[in-house]
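# Structure assessment
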Amino acid sequence: AIPVRSSRLPLLSDAMPAPAHLFPLIRNCEISRICSTVCYCHHKHLCCLSSHFAHSHFRYAPQKKFAALCRPKENFNRFIHTRDYASTPQRFYLTPPQVNSILKANEYSFKVPEFDGKNVSSVLGFDSNQLPANAPIEDRRSAATCLQTRGMLLGVFDGHAGCACAQAVSERLFYYIAVSLLPHETLLEIENAVESGRALLPILQWHKHPNDYFSKEASKLYFNSLRTYWQELIDLNSGETTDVKEALINAFKRLDNDISLEAQVGDPNSFLNYLVLRVAFSGATACVAHVDGVDLHIANTGDSRAMLGVQEEDGSWSAVNLSYDHNAQNEHEVKRVKMEHPKSEEKSLVKQDRLLGLLMPFRAFGDVKFKWSIELQKRVVESGPDQLNDNEYTKFIPPNYHTPPYLTAEPEVIYHRLRPQDKFLVLATDGLWETMHRQDVARIVGEYLTGVHHQQPIAVGGYKVTLGQMHGLLAERRARISSVFEDQNAATHLIRHAVGNNEFGTVDHERLSKMLSLPEELARMYRDDITIIVVQFNSHVIGACQNEEL
């Protein structure tokens, strides 16, 4: 296996029990699966093929009978706000401590040492969290420090048609990026160590929540593919300094190619053979940040987003987009897809805002059903294990499928030079952006980080507010200041707002309680999985770097 230093807690062999005070909630099967990531099973990826693999309702619509559930996501926002919550049978409300137990089950924070032995870091630290809607959750997250080069890597990954691809990409992509950034001499040193059986130089230091596991069974397979990649980089050595943008693009494309190749070749081990096929036939989007001093690169494939929080001179907050969605709402992306296929296919390429009428993101890892030829798909499925051959999803061929590949994992890379007013970065899957505007995200995080969210005047917009309603808003603010409501994690604070905000932009505990107590069958109709990483920058270091160059 690839040697690493890890700041996470050691994994337990089987399961981590849920906190005892959660068990009174788990009755009538109503929220037990909402809390599925609290009761963590190391082998939960074995069940990722379930019904979600057959048809992921909101990202992929393989048959007409699923079309009603596959309406564009923005329609669900209207559905959420017009739905009468009282019509959903409720047996109980969650208390504030119970709500906190659910919201905080997957939160993680890491503070970066100001001096790591090589350079002063422009990153103060980061907070991350996840809230599942699917069971099991299909989102993943990763964060790591590059040990042989400079900088940090952080990313969010949104899976569809199951969690297998998102899991694999979250484990492997950062290694491919790190290897792509290594100088030729270091690559030679690593290869010589493998050849002679010596200990390898650690490449990454991972910063992981205990639930963010690695697939131990596939580690040797993944290592062999990575080694083949760095051997090719050694052979192709040009002697030039590695460009970060080029390294990110090459890493994304190479990992996706390896995912495809591993599925075609198969594995004599039946478990691994099934695993590589599940990874290839499911899919995942990725949004990754590489931060090195004042240099920030965002590599995005799909519809997760990166947003920069900027503090203006008057103390207000503004949002700067550092990524673009690769979907039907992006005119440039639609044009790109149409340019890559014959004119005769123009009308069938994008239907109902989906690629070939089926897939919402226009770029993704895996999803070989949109990349392989029909002949290759049939050969792999027919020669694969019975579980794959008996699955209707894997045997389904997209309509109007004439000139594959229709899908790419190549990222769009955006560079930004950090300034002292750039205070934080938010990476999040589309579950957040469906419910909140980027400007609201910038304001909520900015006020949280500066501690002014308790002093701001209450804004009611154009609503007519009675004295009783205003009293309720003020009472809610007082309750927020109490320790029960005080979040210690910026990502948790943002999720609390995303799920519980009312029309006044404040958290409504009753709404939050109802949303978190929805049974699994309804939760996905109201929202998607939400995964967030909030990176806080060191303005003093960034300002000093800026002054040195003047």
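In this text the structure is predicted, and so the values were computed from the model without any measurement.

With that out of the way, let us pick up unusual backbone geometry. Residues Ala135 and Pro136 are joined by a peptide bond in cis, for which omega reads 0 degrees. Structurally, Pro136 can be placed in the loop between strand S5 (123-131) and strand S6 (139-146). The linkage connecting Pro404 with the following residue, Pro405, adopts the cis geometry, with an omega of 5 degrees. The topology assignment puts Pro405 in the loop between helix H13 (392-395) and strand S16 (412-417). Even without glycine at this site, Asn400 takes up a positive phi of about 55 degrees. The residue Asn400 is located in the loop between H13 and S16 in this model.

Time to look at the sheet that holds strand S11 (residues 305-311). Pairing between sheet strands relies on hydrogen bonds along the backbone, with the strands arranged either parallel or antiparallel. Pairing in this open sheet of six strands is antiparallel, and the strands run S4-S5-S18-S17-S11-S12 from one edge to the other. In this open sheet, the two strands that pair with only one neighbour each are strand S4 (108-111) and strand S12 (317-321). Across this sheet, the average inter-strand angle for adjacent strands is 20 degrees, counted without regard to direction. Direction of pairing for S11 relative to strand S17 (residues 422-428): antiparallel, over a ladder of six bridges. Counted as the bridge partner of Ala306 is Leu427 from S17.

The next point concerns the confidence of the model for the protein. Within the protein, residue pLDDT values average 81, and 76% of them lie at 70 or more. Across residues 3-58, confidence stays below pLDDT 50; counting only partners more than four residues off in sequence or on other chains, it has 136 contacts. In this model residues 62-88 is a low-confidence stretch, pLDDT under 50, and it forms 41 contacts with partners more than four residues away in sequence or in other chains.

Viewed as axis vectors pointing N to C, helix H7 (residues 244-265) and helix H8 (residues 270-281) meet at an angle of 135 degrees, and their least axial separation amounts to 8 Å. In terms of axis orientation, H7 runs oblique to H8. Along this stretch, H7 crosses H8, giving a crossing that reads as left-handed. Residues Ile259, Glu262 and Ala263 of H7 touch H8, and the partners they reach there are Val276, Leu277, Val279 and Ala280. Broken down by class, the residue content of the contact of H7 with H8 amounts to six nonpolar, no polar and one charged.

The subject of this paragraph is the pattern of salt bridges. Under the counting rule described, the total for this entry stands at 20 salt bridges. Residue Arg254 pairs with Glu232 through a salt bridge whose shortest N-O separation is 2.6 Å. Pair noted here: Arg254 is in helix H7 and Glu232 is in helix H6 (residues 219-235), with a separation of 22 residues, a long-range link. According to the relative accessible area criterion, Glu232 is partly exposed, its value standing at 33%. Each of Glu333, Arg336, Glu340 and Arg363 takes part in one network of salt bridges that share partners.

Another aspect to go through is helix H17 (residues 490-500). For H17, the tally of buried residues reaches 11 of 11 residues, placing the bulk of the element in the interior. Residues Ala490, Ala491, Thr492, His493, Leu494, Ile495, Arg496, His497, Ala498, Val499 and Gly500 constitute the buried set of H17. Its side-chain oxygen 2.8 Å from the backbone nitrogen of Ala491, Asn489 forms the N-cap of H17.

Glancing now at the side chain of Asp127. Topologically, Asp127 is positioned in strand S5. Here Asp127 is buried and forms no salt bridge, its nearest opposite-charge partner Lys111 lying at an N-O distance of 4.3 Å. For Asp127, the side chain forms a polar contact with the main-chain nitrogen of Ala490, separated by 2.9 Å. Dropping the residues within four chain positions of it, Asp127 is found in contact with Tyr108, Ser109, Lys111, Gln488, Asn489, Ala490, Ala491, Ile532, Ile533 and Val534.

Turning next to helix H9 (residues 331-339). Within H9, the full set of buried residues consists of Glu333, Val334, Arg336 and Val337. The buried residues of H9 occupy an angular sector of 160 degrees when the element is viewed end-on, so they sit on one face. Seen from the buried face of H9, the exposed residues on the opposite side, beyond 90 degrees, are Glu331, His332, Lys335 and Met339. Residues of H9 that are buried make contact with helix H10 (346-349), strand S13 (350-351) and strand S14 (354-355).

Conventions adopted
- Residues numbered from 1 in each chain as written.
- Predicted model: local features only at pLDDT ≥ 70, side-chain atom pairs only at ≥ 80, totals over all residues.
- Heavy atoms only, no water.
- Helix = DSSP H or I, 4+ residues; strand = E, 2+ residues; numbered from the N terminus.
- Pairing = 2+ DSSP bridges.
- Axes fitted to C-alpha atoms, helices over the stretch in contact; angles between N-to-C directions.
- pLDDT = per-residue confidence, 0-100.
- Contact = heavy atoms within 4.5 Å.
- Parallel < 35°, antiparallel > 145°, perpendicular 65-115°, else oblique.
- Left-handed = near helix turned anticlockwise from the far one by under 90°.
- Nonpolar A, V, L, I, M, F, W, Y, C, P; charged D, E, K, R; others polar.
- Salt bridge = Lys/Arg side-chain N within 4 Å of Asp/Glu carboxyl O.
- Buried < 20%, exposed > 50% of the residue type's maximum accessible area, 1.4 Å probe, protein only.
- Polar contact = N/O pair within 3.5 Å; in protein donor to acceptor, adjacent residues only side chain to side chain.
- Lys, Arg positive; Asp, Glu negative; His and termini not counted.
- Arc of directions from axis to C-beta.

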